[in-house]
Structure formats: C-alpha cells, structure tokens
Amino acid sequence: MLKTYTIPITTKQITNLYDLWVNNGFENEKNIDINKNLLSGSEVKSNQIKLYVYEKAATVLSSAIIIINNNNPSISGVGEVCTSVNSRGKGLANTLCEKIVDDYFLNNQSRAIFLGTINPVAEKIYKSLGWQMIKNTNVMFNSKNQDDFESFLLTYNKPNSTKIITKGNSDFRISIIPFVLSQRSKNQIDLNSKVNLINKLSSCLGLYNKYDSLYVKKGNWFSVSDNENRLFSIVSYLEKEDKKFRIDGLFNYLYYDEAKKLVEFVINKLVNQKPNKISVEIYKKDTSKLQMFHELGFIEKNNIQNKIDGKDLEFKEFIL
C-alpha cells in the first residue's frame, strides 16, 4: 500500500527504512544522505520532509523522500529512492516518484525538483517521468514550467535582493544544490568540504552534508545569501593543526565584491582566534580565486599537489 508521512516519524519506522536502504543498495549508513536525526524531526523549523513508501505489514518495500525548504518552497530535492530486491520490476519506485512530483507541483510556489542518480536504468525511468539530466553532472532536474536548468537559473537568482552574511545552517540544505550546480565547470574546488566542480558532479542532497561535516572536523562555513535562502557564495575553514587554518570556498563571481567581503568576514573571525597560520590552496586553473586572494593580501608560497578523486592536481599555496 502506498502511504505518505510527514517527518518526524517513529523510531520503529526509521529502523524499517534503514533496513531497506542498507540492505538494498546503500551498503552502509555513511552513504545515506537523510540521516536518523533528520527523520526524527531535527530540522522541522527549516525544512519540510515527506516520506513516500510502499508498505506491506511492517515491511517497507520501496521509498522516496522529498525535502522542501520552509522559507523557499520554490525548490526541492528528492532522495533515498530505493526498492527491495524482491520487489523490483513492479514499478513501485516509478509510482512513488511520479506521486512526489505531482504532489509537489500542486503548490503554487513550487518550481523545480533536483535528484541525483548514477544508475543508467533509473535515469531512463526518470526521463520518462519528465526529468532531464543537468549537463556535466549526474543530477536530474524537473521543472514545473518545463524549463531546462539554465533557463531556470535566469529567473531563480535575484541579483537585486539584499545580500547578508550568514553562518552555514540547515536552511541551506536545498538551496545549496542549485548554487553548486550553477558553478560547475568553473574549475572550482573547495578542499575543506571536498566539493569538486572539475569532475562530473554526482552529489545532490549530499552536498549540504559535506559542509555540515565541517563542524565535527574543527571547521565551519559561512555564506552570502538572501532572505529566501538563495546562496551566492560560500567560504569554509578547517583547523588542520593547532591554530593553523585553511580557508577555502565556492564563489559565484557574478557577485565578486560580495564574495570578497565574505572572505574578509571569515578572516577577521580567524584573526580573533590568534592563529599561527591562515592559508589557502588554490587549483592553478581557478584564475578568479587566485586573483581574489591576491587582492586580499595573500602571498604565494608554494606549488603543491593535492589528490582529488584519485588524481594528483597542481595547486598554489598562499599565506596571509
């Protein structure tokens, strides 16, 4: 039977979901984007999360989840689409995803849904339901107005909106997706979060988790955003050794001045901690980032190599 639930759900339901996911494709809990805290309702003030399942007795046969930001319901993300091995071939996941799209687009404010997949069979199914693959990514896009992703971006971002600097938080769980995707193929790499925009991008709902994980690694992140949680730039930092900080980020260079102000804001925070070192390691082909940190007073020290997704790439280290 097809059922829908609004998060939070019970501990027993969470256990049943994890049994489905871990035993039917996710391999381990680290590969699951929507963690147990989310399912328990940790972000109800920031995001509405809806669970769609096929259930038989106490067993979950198939699942799909949609997350919608409370302050910007125009965009959403779908994840944890999974069907048990014994229930595949019956169209259960197809039906769940179709139901999610139909329900979401009933909202007058809804505009677009994002979904990551590296499964070519699933990709064909999603395309038959109106999804399209975003170029140079493994992320799919479904628009209420049948726009492509580039057309959507032209009206999604509001250049004249008031920009503010904000500490990274769960309000950006969904808006980080169009922001990062809009910067693909710009030679940008954030070493702290391990977001790599050189290779084909596969992350979708997992993008926010990459930045959220900085909090447990002696790091943090800040953003330039507007009052509807649209992101325009991100700056991260990580304490690599005692009082030795590496700063980095992803920048929309259409808002160059705002991005520089964000870096300066984070630098001032680090300076207040009396650091032994503040550095940045910039991919050699990211000429805009090289220019920005040069203008901010960073001095080039070393040519170094960093292994990015198994490949050694050339970087320049700059010291403040």
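As shown above, the structure is provided for reference.
Keep in mind the model is a prediction, meaning the values are calculated, not measured.

Enquirer: Describe the sheet that holds strand β3 (residues 59-69), with residues and values.
Expert: If you trace the seven strands from one edge of the open sheet to the other, you get β1-β2-β3-β4-β5-β7-β6, paired in mixed fashion. The open sheet has two free edges, formed respectively by β1 (2-6) and β6 (132-133), since each of these has just one partner strand. Strand direction decides the pairing type here: strand β5 (residues 112-116) and strand β7 (residues 139-143), joined by five bridges, are antiparallel. By the bridge assignment for β7, A112 is matched with S143. Those strands touched by helix α1 (residues 11-26) are β1, β2 (47-56), β3 and β4 (75-83), and its axis lies near 100° from that of β3. Packing of helix α4 (residues 120-128) onto the sheet brings it into contact with β4, β5, β6 and β7, and relative to β7 it is tilted by some 10°.

Enquirer: Help me get a handle on the layout of surface pockets, residues and values and all.
Expert: Approximately 1,400 Å³ is the volume attributed to the largest pocket. What lines the largest pocket is a set of 40 residues, and nearest its centre among them are F26, E80, V81, G116 and T117. Elements with a minimum of two residues in the lining of the largest pocket: α1, β4, α3 (92-105), β5, α4 and α7 (206-212). The element best represented in the lining of the largest pocket is β4, accounting for six residues.

Enquirer: Describe the packing of helix α8 (residues 256-271) against helix α9 (residues 287-295), listing the residues and the values that go with them.
Expert: As a packed pair, α8 and α9 sit with axes 11 Å apart at the nearest point and diverge in direction by 55°. Considered as vectors, α8 and α9 are oriented oblique to each other. Crossing hand, α8 versus α9: right-handed. In this structure, α8 uses Y256, A259, K260 and V263 to contact α9, whose residues at the interface are S288, Q291, M292, F293 and E295. A per-class count over the contact of α8 with α9 returns five nonpolar, two polar and two charged.

Enquirer: Residue-level account of unusual backbone geometry, with values.
Expert: Cis peptide bonds are those with omega within 30 degrees of zero, and the linkage from I7 to P8 qualifies with 15°. Looking at where P8 falls in the secondary structure, it is placed in the loop between β1 and α1. Its identity as a non-glycine residue notwithstanding, Q146 has a phi of 60°, on the positive side. The phi angle at K274 is positive, at roughly 50°, despite the residue not being glycine. Along the chain, K274 falls in the loop between α8 and β14 (277-283).

Enquirer: So what about the pattern of salt bridges? Which residues, and what values?
Expert: All told, the structure shown has 17 salt bridges when counted by the stated rule. Between R173 and E43 there is a salt bridge, and its shortest N-O distance comes to 2.7 Å. Here E43 lies in the loop between α2 (36-39) and β2 and R173 lies in the loop between β8 (164-167) and α6 (176-182), a separation of 130 residues in the sequence. Residue classification places R173 among the buried positions, given a relative accessible area of 2%. A relative accessible area of 10% places E43 in the buried class. For E150, the salt bridge goes to R184, with nearest N and O atoms at 2.5 Å.

Enquirer: Describe the nonpolar core, with residues and values.
Expert: Within soluble globular proteins, side chains that are nonpolar generally end up buried alongside one another. If you look at the biggest cluster of nonpolar residues, it comprises 50 residues, and the most contacted ones within it are W21, L39, F114, F152, I176 and V180. The element contributing the most residues to this core is α1, with six residues. Those residues in contact with W21 that sit more than four places away from it in its chain are F26, E27, I32, I34, L39, S63, I65, E80 and C82. Counting residues in each nonpolar core, the second largest holds 25 residues, with F232, I247, Y255 and F293 among its members.

Enquirer: Before we move on, can you summarise the side chain of S223 with the specific residues and values?
Expert: Locating S223 in the fold gives a position in strand β11 (residues 219-225). On the basis of relative accessibility, which here comes to 0%, the residue S223 falls in the buried class. S223 has contacts with I164, I165, T166, F172, L231, S233, I234 and L262, leaving out every residue within four places of it along the chain.

Rules of the game
Residues numbered from 1 in each chain as written. Predicted model: local features only at pLDDT ≥ 70, side-chain atom pairs only at ≥ 80, totals over all residues. Heavy atoms only, no water. Pairing = 2+ DSSP bridges. Helix = DSSP H or I, 4+ residues; strand = E, 2+ residues; numbered from the N terminus. Contact = heavy atoms within 4.5 Å. Axes fitted to C-alpha atoms, helices over the stretch in contact; angles between N-to-C directions. 1 Å grid on protein atoms, 1.4 Å probe; cavity = no way out; pocket = protein on both sides within 12 Å on 5 of 7 lines; lining within 4 Å. Points joined across faces, edges and corners; volume = space filled by probe spheres on them. Parallel < 35°, antiparallel > 145°, perpendicular 65-115°, else oblique. Left-handed = near helix turned anticlockwise from the far one by under 90°. Nonpolar A, V, L, I, M, F, W, Y, C, P; charged D, E, K, R; others polar. Salt bridge = Lys/Arg side-chain N within 4 Å of Asp/Glu carboxyl O. Buried < 20%, exposed > 50% of the residue type's maximum accessible area, 1.4 Å probe, protein only. Core = buried A, V, L, I, M, F, W, Y, C linked by side-chain atoms within 4.5 Å.

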